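Coordinate analysis (summary)
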Amino acid sequence: MAVTRVCFVCLGNICRSPTAEAIMEHRLQFEDLGVEVQVESAGTGDWHVGHPPDARARDEATRRGIAMGGVAQQFTVADFDRFDLILAMDSANLEALRRIAPTPEAAATIHLLREFDPLAGDDVDVPDPYFGGSRGFVEVFDMVDRSVTGLLDHIAAARADG
Ligand code: 4NP
């Protein structure tokens, strides 16, 4: 089975994108989805490179029985060769990725994660929870969870077509 390589991208790679990575890994591990997916996450910024996910994200993951680990890395131009689907957490991250995309084909692999959230409506961003309280992390987890369900359906459908 062909592997789909996915990278979630936010600003710092310590709150939203490690959350998406952990939720996706959890779903892949515990559900028989009929897809093979490799998952990573990265940040467009470099402030937190080498840091573990934010404690508030780790607490919410623990509360939900989801394993979350890893250390932050910065997304680089070379990474466009390493992934089939790049999911930006918000419009600013989307623009930052588009600016460094080396080819139109590379740019075409970038999407907003909430394109796959059935409840998104006009609200395309996963809001940055870094400067808020723990409630923001609960909302991020719920939003990302819905989006990951839609994303997995999309990957399965693309697989069936291809
Ligand atoms: P993330 O959240 O992009 O979801 O990882 C942030 C983490 C750190 C900062 C901003 C957002 N920061 O400004 O340091």
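So, here's what we can say about the structure.

Parameters at a glance
- Residues numbered from 1 in each chain as written.
- Predicted model: local features only at pLDDT ≥ 70, side-chain atom pairs only at ≥ 80, totals over all residues.
- Heavy atoms only, no water.
- Axes fitted to C-alpha atoms, helices over the stretch in contact; angles between N-to-C directions.
- Helix = DSSP H or I, 4+ residues; strand = E, 2+ residues; numbered from the N terminus.
- Parallel < 35°, antiparallel > 145°, perpendicular 65-115°, else oblique.
- Left-handed = near helix turned anticlockwise from the far one by under 90°.
- Contact = heavy atoms within 4.5 Å.
- Nonpolar A, V, L, I, M, F, W, Y, C, P; charged D, E, K, R; others polar.
- Buried < 20%, exposed > 50% of the residue type's maximum accessible area, 1.4 Å probe, protein only.
- Polar contact = N/O pair within 3.5 Å; in protein donor to acceptor, adjacent residues only side chain to side chain.
- Near = heavy atom within 4 Å.

**Thoughts on the packing of helix α2 (residues 55-63) against helix α5 (residues 134-161)**
The N-to-C vectors of α2 and α5 enclose an angle of 60 degrees; their axes lie 10 Å apart at closest approach. For the element pair α2 / α5, the angle class is oblique. With respect to the hand of their crossing, α2 and α5 are arranged in right-handed fashion. Listed contacts from α5 to R56, A57, E60, A61 and R63 of α2 are F137, V138 and F141. Considered class by class, the residues forming the contact of α2 with α5 number five nonpolar, no polar and three charged.

**Remarks on the side chain of D90**
On the secondary structure map, D90 appears in the loop between β3 (85-88) and α3 (91-100). With relative accessibility at 11%, the residue D90 sits in the buried group. Reaching out from D90, the side chain makes a polar contact with the side chain of R16 at a distance of 2.9 Å. At a separation of 3.1 Å, a polar atom in the side chain of D90 contacts the main-chain amide nitrogen of A92.

**With respect to the site of the ligand**
All residues adjacent to the ligand are C10, L11, G12, N13, I14, C15, R16, H48, D128, Y130 and F131. In this structure, G12 approaches the ligand through a main-chain N or O atom, which is 2.8 Å from an oxygen atom. Here an oxygen atom of the ligand sits 3.2 Å away from a polar atom, N or O, in the main chain of N13. Split by residue class, the shell around the ligand holds six nonpolar, three polar and two charged.

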